[in-house]
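Notes for the structure review
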Amino acid sequence: MSLSVPGMLLGSLTTLGGTLAVRSLLPQRTPLDQVLRRTHAPAPRSASIPSAKGPARWADRVGARLMETDAFVTRLPARDLNLLEMAPASLLGRCVLYALGGFLIPQWITLLLRLGGLTLPFVVPAAAGLGVALFMVFKCLDDVRGKATGARLEYRYYIASVLERVALARNSDAGAAEALARAVESGDGRAAVRIRDTVEHAQLAGVSPWDALGGLGSELGVPDIARLSASLSLAGEEQAAVYDQLEAQAEVVRRGLLSDRKEQANVATEKMHVPSLAIVFLMAVFLLAPALVRILAL
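The paragraphs below set out a description of the structure included in this document. Treat the numbers as computed from the prediction; the structure is a model and nothing was measured.

How each quantity is defined
Residues numbered from 1 in each chain as written. Predicted model: local features only at pLDDT ≥ 70, side-chain atom pairs only at ≥ 80, totals over all residues. Heavy atoms only, no water. Core = buried A, V, L, I, M, F, W, Y, C linked by side-chain atoms within 4.5 Å. Buried < 20%, exposed > 50% of the residue type's maximum accessible area, 1.4 Å probe, protein only. Helix = DSSP H or I, 4+ residues; strand = E, 2+ residues; numbered from the N terminus. Contact = heavy atoms within 4.5 Å. Axes fitted to C-alpha atoms, helices over the stretch in contact; angles between N-to-C directions. Parallel < 35°, antiparallel > 145°, perpendicular 65-115°, else oblique. Left-handed = near helix turned anticlockwise from the far one by under 90°. Polar contact = N/O pair within 3.5 Å; in protein donor to acceptor, adjacent residues only side chain to side chain.

With respect to the nonpolar core
Counting residues in hydrophobic clusters, the biggest one holds 45 residues, and the most contacted among them are Leu91, Tyr155, Val166, Ile195 and Leu213. Only α5 (78-84), α6 (88-115), α7 (123-171), α8 (176-184), α9 (190-205), α10 (209-220), α11 (223-237) and α12 (243-271) provide two or more residues apiece to this core. With 15 residues, α7 is the largest single contributor of residues to this core. In contact with leucine 91, not counting residues within four places along its chain, are Leu76, Pro77, Leu81, Met86, Cys140, Leu141 and Val144.

Structure below.
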């Protein structure tokens, strides 16, 4: 039995790549001391670039360099970044990492083919690398938009809860500002913390909290926050009894969330049609292939 050096090298590289891919999919276990340190001494939101480690630090530095040019900054989803509390430099650096990885994938495949004895022209891997790099950049931006959509959904659920609690507080003869303060004083989620910080900052700055919530809704692209602000403004400035209106708005928000859930379920069901058809096709091929072979052999 003869051994092929290119075959052994190809097998070793393939095994190494598979091992690294499986390792990257495994859940990361954080040491207990680090978790306790984060709990008792949380890091500030606007962390500096040198605090990052590894590829994240390099990505932040590259993104900071790209921030100096207006060609990339003006095309970033500013509302989504603000909603996710992500720095634009971090997103730009992540896009560069995605593009670099996408460009190297065709080169890796070309290397494997060359080791197997197949040589491709230089234009093919270069064009494929540019295409995959562009696709990976759009994939990175699409991931940010998907996370922002999930974050807006969290805000909508929280706003529905706040509307009902504000309505109950207003029904117990509490003022608009007091009812809002009672409604947002609990909760530890991202939406709860952001809205509570906005209300507390408005109180300290001497600004009406509903105006601050209206600005937050426009800034984050969550119209339900603006609706809550309009109702509270009506209750605070005109002393209107808005219990029924708040209850109706909470019902509208919950119906909208339910319709969105149904739409997502329908989309997921439609996506399952293609795998189902592929399975049926493969079963038909496996069942009919022996009969076709016998017919053709006659």
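Overview of the environment of glutamate 247
Take glutamate 247: it is sitting in helix α12. When the C-alpha positions of glutamate 247 and leucine 168 are compared, they lie 9.1 Å apart, and in sequence the two are 79 residues distant.

Describing the packing of α7 against α9
Two numbers describe how α7 lies on α9: the axes approach to 8 Å, and their chain directions differ by 65°. The pairing of α7 with α9 is recorded here as roughly perpendicular in orientation. The handedness of the crossing between α7 and α9 is right-handed. For the pair α7 and α9, the contacting residues are Ala151, Glu154, Tyr155, Tyr158 and Ile159 in the first and Arg190, Ala191, Ala192, Arg194 and Ile195 in the second.

Let's talk about the side chain of threonine 110
Secondary-structure assignment places threonine 110 in helix α6. With relative accessibility at 11%, the residue threonine 110 sits in the buried group. A distance of 2.7 Å separates the side chain of threonine 110 from the backbone oxygen of proline 106, its partner in a polar contact.

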